[in-house]
Amino acid sequence: MKFGIYTLLTAESVRPDVLARAAEERGFDSLFIAEHSHIPVKRETLWQGRAELPDAYYRTLAPFTALAAASTATSTLLLGTAVALLPQRDPIHTAKEVATLDVLSGGRALLGVGVGWNREEMRNHGTDPRTRGARLDEQLAAIKAIWTEDEAEFHGEHVDFDPIHLWPKPVRRPHPPIYVGGESPAALARVVRHGDGWLPRAATPPAEIRRVAGLFAERGRPGVPITLCGLEPDARAVADLADAGVERIGLALPTAPETEALHALDALATFADGLH
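Just so we're clear, the structure is a prediction, and the values are computed from it rather than from any experiment.

(A) Spatial organisation of the pairing of strand β6 (residues 152-155). Residues A152 and F154 point to one face of β6 and are all buried, whereas E153 and H155, pointing to the other face, are not buried. With 3 bridges connecting them, β6 and strand β7 (residues 160-164) associate as antiparallel partners. Counted as the bridge partner of F154 is F161 from β7. In this structure, the hairpin formed by β6 and β7 is closed by a connection of 4 residues.

(B) Structural view of the nonpolar core. One finds F28, L31, W198 and L265 to be the most contacted residues of the largest nonpolar core, which totals 70 residues. Those residues within four positions of F28 in sequence are excluded, and the remaining contacts are F3, G4, I5, A23, L77, L251, L265, L268, A269 and A272. By size, the runner-up hydrophobic cluster in this structure holds 14 residues, among which are L8, W47, A56 and Y57.

(C) Quick look at the side chain of R43. Position of R43 among the secondary structure elements: in the loop between β2 (30-33) and α2 (63-72). Notably, R43 is buried but unbridged: the nearest opposite-charge side chain belongs to E120, and the N-O separation is 6.1 Å. At a separation of 2.7 Å, a polar atom in the side chain of R43 contacts the main-chain carbonyl oxygen of T45. Only 2.8 Å separates the side chain of R43 from the backbone oxygen of A51, close enough to count as a polar contact. Once you skip the residues sitting within four places of it in the chain, R43 turns out to touch A51, E52, L53, Y58, W117, N118 and E120.

(D) Local environment of the packing of aromatic side chains. Summed over all chains, the structure comprises 2 aromatic pairs. Sitting over the face of the ring of W167, K169 holds its NZ or CZ atom 5.4 Å from the ring centroid.

(E) Quick look at helix α7 (residues 206-218). If you check α7, its first and last C-alpha atoms are 18 Å apart, about what 13 residues at 1.5 Å a residue would give, namely 18 Å. Looking at α7, one finds that the buried residues are I209, V212, L215 and F216. Taken around the axis of α7, the buried residues stretch over an arc of 120°, which confines them to a single face. Relative to its buried face, α7 has exposed residues pointing more than 90 degrees away, namely A207 and E218. Those residues of α7 that are buried are in contact with α6 (185-194), β9 (197-199), β10 (227-231) and α8 (235-244).

(F) Highlighting the packing of α2 against helix α3 (residues 91-104). Close contact between α2 and α3 brings their axes to 9 Å; oriented N to C, the two are set at 5°. By the criterion of interaxial angle, the relationship of α2 to α3 is roughly parallel. Each of F64, L67, A68 and S71 in α2 lies in contact with α3, whose residues at this interface are T94, E97, V98, L101 and L104. Of the residues assigned to the contact of α2 with α3, the class counts are 6 nonpolar, 2 polar and 1 charged.

(G) Seen up close, the pattern of salt bridges. The tally for this structure, following the rule as stated, stands at 15 salt bridges. Of the charged contacts in the structure, one is a salt bridge between R193 and D137, with a shortest N-O distance of 2.7 Å. You can see R193 sitting in helix α6 and its partner D137 sitting in helix α5 (residues 132-148), a full 56 residues away along the chain. For the salt bridge of R236 with D240, the shortest nitrogen-to-oxygen distance reads 3.4 Å. Here D240 and R236 lie together in helix α8, a separation of 4 residues that amounts to about one turn. Using a relative accessible area of 62% as the deciding quantity, one classes R236 as exposed. What makes D240 partly exposed here is its relative accessible area of 27%.

Rules used throughout
Residues numbered from 1 in each chain as written. Predicted model: local features only at pLDDT ≥ 70, side-chain atom pairs only at ≥ 80, totals over all residues. Heavy atoms only, no water. Buried < 20%, exposed > 50% of the residue type's maximum accessible area, 1.4 Å probe, protein only. Helix = DSSP H or I, 4+ residues; strand = E, 2+ residues; numbered from the N terminus. Pairing = 2+ DSSP bridges. Core = buried A, V, L, I, M, F, W, Y, C linked by side-chain atoms within 4.5 Å. Contact = heavy atoms within 4.5 Å. Lys, Arg positive; Asp, Glu negative; His and termini not counted. Salt bridge = Lys/Arg side-chain N within 4 Å of Asp/Glu carboxyl O. Polar contact = N/O pair within 3.5 Å; in protein donor to acceptor, adjacent residues only side chain to side chain. Phe/Tyr/Trp six-rings, centres within 6.5 Å; stacked < 30°, edge-to-face > 60°. Lys NZ or Arg CZ within 6 Å of the ring centre and 35° of its normal. Expected span 1.5 Å × (residues − 1). Arc of directions from axis to C-beta. Axes fitted to C-alpha atoms, helices over the stretch in contact; angles between N-to-C directions. Parallel < 35°, antiparallel > 145°, perpendicular 65-115°, else oblique. Nonpolar A, V, L, I, M, F, W, Y, C, P; charged D, E, K, R; others polar.

Written out as structure tokens, the structure is:
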């Protein structure tokens, strides 16, 4: 089992470079951070069935800028999003941002994507929540084309552009891994079509992970790497997830100032070391 760190970073929390350096020094293999461009003042969409939203969600740093800062303080740590809300993003800008992160980090970028849950947030970006899945599918295909072709073009219902030049190209070949988040039938089909890995949520039962792994194999994608983010320290849960085929767990780190965050990181490192 590989262990990484999953957290939300804000201007009030530990800096991304400080956290990344400390995580690498303690043997973690990856850092995953979440994204929200903003939180609408008037919000009807519930978060995990609740109206209240943790304060950190209102204050998240821009993910690829934060991960670029993390890259300057590390040499081996994988730098990922869990998840980037791609349906709210321009695919051309996103392709360039991720490729730039991959170049600056020496090939350590990992793009975790999802459709998102906050419908009001999506609408502020001009995204229709009803078509966000179809839009994400086209965006992933378009971004792969941009990363791998010198004169990329894409023509779809939601993404449409004539041939373009865009550099830098990513260092990783053929491109940075794309991990798809979600457990819905549409999300799982997206993993099969576009994903290099799967990002189930922390509450996904091991039995469901086994079922989905079998589904991937039936659809011609055996051995899809699985990373689960946001798990609290629980030795039994880690053992069950490992048996189910999860290769990496992003342990949940509270959003906190530096001293408190590094203290919590030490506790997570002790937990992870005890399971090896």
